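# Descriptive analysis of the structure
One-letter residues, chain by chain:
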Amino acid sequence: MTVSDDMDMQVYRDVFLSESAEYIQAIIDGMLVLESDPHDLEPVEVVFRGAHSLKGMAAAMGYERTSELTHKMESLMDTVRKREQSVDGALVDIVLRAVDVAKALIDDESNGRAAIDTSSITSELEVRTQFRSSVPDATADAAAGAPSAPAHGDMALEPGERVIHASVDLEDTCVLKSVRAYMVVKRLSHMGHVVDTTPSAREIEDELFDHTFEVVVRTRQAVGDVERAILAVTEVHAARVDEMEVAGGDAAPVETSVPGELHARARTEVPKLSETQTVRISIGHLDTLVDLVGELVILRSRLETLAGEADDLRFTEAVERLHAISSDLQHEVMQTRMVPVGNIFNRFPRMVRDLARDLGKDIAFEMDGLDIELDRTVLDEIGDPLVHLLRNAVDHGIESASERVAADKPGRGCVRLVAARERDQVLISVSDDGGGMDPDRIWAKAVERGMVDPADRDGYSADDVLMLTCTPGFSTADVATKVSGRGVGLDVVRGKIEYLGGSLHIRQRPTGGTEFELSLPLTLAIIQALLVRSSGQTFALPLGAVTEVFAPDEIDAGSVDGMPVVTLRDGRIVSLHRLDVLLGFSDDATRLPGPREHVVLVETGDVARALSVESLTGRQEIVIKPLSRMFRGVRGLGGATVLGDGSVALILDPRMLFSMGGER
Amino acid sequence: MGGKRILIADDNKQIRMLVSATLRAGGYELIEAADGAEALEMAVSERPDLVLLDVMMPNLDGFEVLHFLRKRPECAGCKVVMLTTAASMADMQRGAKEGADGYVVKPFQPADLKSVVANVLAAQ
């Protein structure tokens, strides 16, 4: 093999790996939809096609075992597609496990290994594919003209539903028999669920029947309406329509007739991501592009400074034009880094389902806001924290079904994962309708651990107490269960979120249950900043945290208990901090702002503080450059940037800044 | 390339008239169907050389018509061009899977329609 062949192969492999990941996800999503609604025919088709495509791609790559496994999955789904058997928990389970194996297998084969053993899952798939022949053949019953409820696991009728059997006769002269029959089935499927056809849907399509066929439909419509709908199709000669008897005993959910039935089910809604036209780009290219744009923004600032000094109108105009274009370019480039949160959310329905099952809980998992976009770097980092919060919600948040019933709640718990955009932040909330956290128990634990002074209880709101669970070393779970409580606590979650420039809030929901809300910045690389001077140096303060700026003559400063405070326009009084003191350049913390000094109101989390600085030097977009290792330990600094005049400014981290001076 | 027979299936009468007028001017023979089922009947009975199929139609949609058309031996040589609305990649992918020969995206210019039809008919 030549070098270029090798490279081609590498390219094909990359394409295969990324595409196969999409098909695998589509299969998982489809199976979860099927689990919540076994009658939905669309996901059956999606899963079938997904397995089919994987098979073809794997075969093309020479991954024989993957190809064989996905072929088995395809065969199984084909029986469902042809209505030879119906979907139940056990089937969903087998397919999901097969997908897991397929995923591992692809990794295995694409790395030239042969470590994965597929024999047990393939035989399971084979057994289940054969399963149809061991159930009484419902279609044979119907064909024999003895209408009776078929032994489908999905025949549990909802109130007001009936099962209607229709025997349809097409005209002898009918040329398009398959089309007419298809139109009848299609009409009936709009009136309810088509449970069965004789011959099978595939055979009808292929016109493998004389001019009579039969349809069994589950519907709320009256027999007469069904009959009229059938007769409205052209070339239908006659139709015999009657309601099928569903005997008392048989009417109960027949699901127990299927082996390995699920007891705990997580009903899942998987909204689809909107389809968009896309191109795949390697992350490396994107990162380089962002770096280059960052350099361009720095150079632009430098040119703007020079243009200001040169006092040449043409030069200034050209620089302004450059500004406009580079701003657009920057916006577009940043946009390429934005990824819908759905990309990481989509693995959660499966996870929640498996967890709920392991714990024997009945949980509905809902997601919303999947198309909300976040910077890729931020998104990559929040996966683990979200997994932790979801595990918590399922394990500790939702009570057992019996506790729920005792508390007069619906037996099925609900966990919600919702993303929303709010100005330059993305809010992601994980909430449950469980018993909620017990502030008294948390407080007692915090006291026991010496984290708080028992006398301070009144100073803490209920939500403040909940936040104590995010303190390092705090854990309320008395027993570490299999699911969570593996030593990684909420403090790690909070740490990660804050590292990303976001914040974590815990709230009691008024309706019961707990809500964890993550506020995250949209992007990390380039931000708007206010440039301030203190002790002869320029610092950049992220504009997202600045809520107000006061000129020297607008400052209403005073002292409370000897500590400086500022009265805001709305009458609020906030503590005043001197930047030079916070940074350690001065130690006169009690001095009030001088006649030339400015005050900036900085809000982080829910706390507003005033910061006094020597002067304000402007507002500009800055490119965040990480600090060298030497500065890593310095709290209050978020990075460095290069300014228009070529000098370097340190970026202040508003969240950490105020904890530096050692004052409250 | 005159004398070829083209079936236009669209539930919108104006579109049928526009397509018919445009293509008749190009020397083709035009027949019309107002819904999917009618389109299929005419495709089987009239044996057009090419069928222009709107995607959204009552009774049977364009893809269903295409699907059944491909199963009919009497329509073996029939070319199919789908009329899709702009920006529906999903339509195009589905069409490709079901074996459409070409697409015209609505709204379309008469010249574009003519060239797509001519190209599809010329292709073997």
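Structural notes, computed from the coordinates. All values reported here derive from a predicted model rather than from experimental measurement.

Calculation notes
- Residues numbered from 1 in each chain as written.
- Chains lettered and ligands numbered in written order.
- Predicted model: local features only at pLDDT ≥ 70, side-chain atom pairs only at ≥ 80, totals over all residues.
- Heavy atoms only, no water.
- Helix = DSSP H or I, 4+ residues; strand = E, 2+ residues; numbered from the N terminus.
- Buried < 20%, exposed > 50% of the residue type's maximum accessible area, 1.4 Å probe, protein only.
- Areas by Shrake-Rupley, 256 points an atom, 1.4 Å probe, with all protein chains shown as cover.
- Contact = heavy atoms within 4.5 Å.
- Pairing = 2+ DSSP bridges.
- Salt bridge = Lys/Arg side-chain N within 4 Å of Asp/Glu carboxyl O.
- Polar contact = N/O pair within 3.5 Å; in protein donor to acceptor, adjacent residues only side chain to side chain.
- Nonpolar A, V, L, I, M, F, W, Y, C, P; charged D, E, K, R; others polar.
- Axes fitted to C-alpha atoms, helices over the stretch in contact; angles between N-to-C directions.
- Core = buried A, V, L, I, M, F, W, Y, C linked by side-chain atoms within 4.5 Å.
- Parallel < 35°, antiparallel > 145°, perpendicular 65-115°, else oblique.
- Left-handed = near helix turned anticlockwise from the far one by under 90°.
- Phe/Tyr/Trp six-rings, centres within 6.5 Å; stacked < 30°, edge-to-face > 60°.
- Lys NZ or Arg CZ within 6 Å of the ring centre and 35° of its normal.
- Expected span 1.5 Å × (residues − 1).

The next subject is the overall build of chain A. Counting secondary structure elements, chain A contains 21 helices and 23 strands. The proportion of buried residues among the 664 residues of chain A is 44%. Accessible surface, chain A as shown: approximately 32300 Å² in total, 51% of it carbon and sulfur.

Now for the overall build of chain B. When its secondary structure is counted, chain B shows five helices and five strands. Relative to its 124 residues, chain B shows a buried fraction of 49%. A fraction of 60% describes how many contacts in chain B between residues 6 or more apart in sequence connect residues 24 or more apart.

All names here are of chain A. For strand β20 (residues 607–613), the buried fraction is high: six of the seven residues fall into the buried class. Two elements, strand β18 (residues 573–578) and β20, share three bridges in a ladder whose sense is parallel. Each residue of the ladder has a partner; that of Leu576, found in β20, is Ala610. Where strand β19 (residues 598–604) and β20 come together, seven bridges link them in antiparallel fashion. Residue Glu603 lies in a different strand from β20, and its bridge partner there is Ala608.

This brings us to the interface of chain B and chain A. Interfaces are frequently sized by the accessible area removed from exposure as the parts join. Contacts between chain B and chain A engage 15 residues on the former and 15 residues on the latter. Our count for the chain B to chain A interface comes out at five salt bridges. A salt bridge links B:Glu64 to A:Lys186, with the nearest nitrogen and oxygen atoms 2.6 Å apart. Summed over the shared surface of chain B and chain A, the result is eight residue pairs in polar contact (both at pLDDT 80 or more). Listed by contribution, the elements that provide at least two residues to the side of chain B that touches chain A are α2 (36–46), α3 (62–69) and α4 (89–98) of chain B. Sort the elements by how many residues they give to the side of chain B that touches chain A and α2(B) lands first, with four residues. Considering only residue class, the side of chain B that touches chain A consists of seven nonpolar, two polar and six charged.

Residues and elements named next belong to chain A. Across the sheet, six strands lie side by side as β15-β19-β20-β18-β17-β16; this open sheet has mixed pairing. In this open sheet, the two strands that pair with only one neighbour each are β15 (546–550) and β16 (557–560). On average, each strand axis in the sheet is inclined to that of its neighbour by 35 degrees, with strand direction left out of account. As defined by bridge partners, β15 adjoins β19 across four bridges and the pair is classed as antiparallel. Bridging from a neighbouring strand, Val546 pairs with Val602 of β19.

Right, let's talk about the nonpolar core for a bit. Counting residues in each nonpolar core, the largest one holds 52 residues, and the members touching the most others are A:Phe345, A:Ile382, A:Leu386, A:Leu417 and A:Ile428. It is helix α15 (residues 376–397) of chain A that provides the largest number of residues to this core, a total of nine residues. The residues touching A:Phe345, leaving out its near neighbours within four places in the chain, are A:Met367, A:Asp368, A:Leu370, A:Leu386, A:Leu417, A:Ala419 and A:Ile428. Of all hydrophobic cores here, the second largest spans 51 residues; its members include A:Val226, B:Ala37, B:Val44 and B:Ala100.

Moving on, we get to the packing of helix α11 (residues 283–310) of chain A against helix α12 (residues 313–336) of chain A. All names here are of chain A. Running from N to C, α11 and α12 point in directions that differ by 160 degrees, and their axes come no closer than 10 Å. Regarding the angle of α11 to α12, the classification is roughly antiparallel. The interaxial crossing formed by α11 with α12 has left-handed handedness. For the pair α11 and α12, contact is made by Leu286, Leu289, Val290, Val293, Leu296, Val297, Arg300, Leu303, Glu304, Leu306, Ala307 and Ala310 and by Phe315, Thr316, Val319, Leu322, His323, Ser326, Ser327, Leu329, Gln330, Val333, Met334 and Thr336, respectively.

Residue and element names in this part refer to chain A. Secondary-structure assignment places Lys55 in helix α2 (residues 41–61). As for Lys55 and Thr66, which are separated by 11 residues in sequence, their C-alpha atoms are 7.1 Å apart. Look past the residues within four positions of Lys55 in its chain and what remains in contact with it is Ser67, Thr70, His71 and Glu74.

This part takes up the sheet that holds strand β4 (residues 236–243) of chain A. Residue and element names in this part refer to chain A. Strand order in the open sheet made by the four strands is β2-β3-β1-β4, with antiparallel pairing throughout. Only two strands of the sheet have a single partner each, and these edge strands are β2 (192–198) and β4. Strand after strand, the sheet turns through a mean of 25 degrees between neighbouring axes, direction not considered. As paired elements, β2 and strand β3 (residues 212–219) share six bridges and run antiparallel to each other.

Residue and element names in this part refer to chain A. A full pass over the atoms with the stated rule returns 46 salt bridges over all chains. Among the ionic pairs, Asp440 bridges to Arg457, the shortest N-O distance being 3.6 Å. Taken together, the positions of Asp440 in helix α17 (residues 439–448) and Arg457 in the loop between α17 and α18 (462–467) put the pair 17 residues apart, joining distant regions of the chain. The exposed category is assigned to Asp440, whose relative accessible area is 53%. The structure contains a network of salt bridges with shared partners spanning Glu35, Asp93, Asp100, Arg350, Arg353, Asp354 and Arg357.

Its location among the elements puts A:Gly639 in strand β22 (residues 637–642). A C-alpha to C-alpha distance of 9.5 Å links A:Gly639 and A:Ala540, two positions 99 residues apart in sequence.

Right, let's talk about the packing of aromatic side chains for a bit. Under the defined criterion, the tally for this structure stands at four aromatic pairs over all chains. Here A:Tyr182 and B:Phe68 contribute two aromatic rings whose centre-to-centre distance is 4.9 Å and whose plane-to-plane angle is 70 degrees, an arrangement assigned as edge-to-face. Of this pair, A:Tyr182 sits in helix α7 (residues 177–191) while B:Phe68 sits in helix α3, each in a different chain. Residue class for A:Tyr182 comes out partly exposed when judged on its relative accessible area of 21%. A cation over an aromatic ring shows up here: A:Lys177 above the ring of A:Phe209, its NZ or CZ 5.5 Å from the ring centre.

With that out of the way, let us pick up unusual backbone geometry. All names here are of chain A. Here the bond from Thr198 into Pro199 is cis, since omega is 0 degrees, no more than 30 degrees from zero. Its identity is not glycine, yet Ser535 carries a phi of approximately 50 degrees, on the positive side. Among the structural elements, Ser535 can be located in the loop between β13 (526–534) and β14 (537–542). Accessibility expressed as a relative area gives 30% for Ser535, which makes it partly exposed.

Right, let's get into helix α3 (residues 64–81) of chain A. What sets the pattern is the α-helix's 3.6 residues per turn: residues three or four places apart point alike. Residues and elements named next belong to chain A. For α3, which comprises 18 residues, the first-to-last C-alpha distance of 25 Å matches the rise-based estimate of 26 Å (1.5 Å per residue) to within 8%. Inspection of α3 places Thr66, Ser67, Leu69, Thr70, Lys72, Met73, Glu74, Leu76, Met77, Asp78, Thr79 and Val80 among the buried residues, and these make up the whole buried set. At the exit of α3 stands Arg83, carrying a positive phi of roughly 60 degrees.

Right, let's talk about the packing of α2(A) against α3(A) for a bit. All names here are of chain A. Viewed as axis vectors pointing N to C, α2 and α3 meet at an angle of 155 degrees, and their least axial separation amounts to 8 Å. Judged by the angle between their axes, α2 and α3 are roughly antiparallel. Here α2 runs over α3; the crossing is left-handed. Two secondary-structure elements touch here, α2 through Val44, Glu45, Val47, Phe48, Ala51, His52, Leu54, Lys55, Ala58 and Ala59 and α3 through Thr66, Ser67, Thr70, His71, Met73, Glu74, Met77, Asp78, Val80 and Arg81. Looking at the contact of α2 with α3, its residues break down into 10 nonpolar, five polar and five charged.

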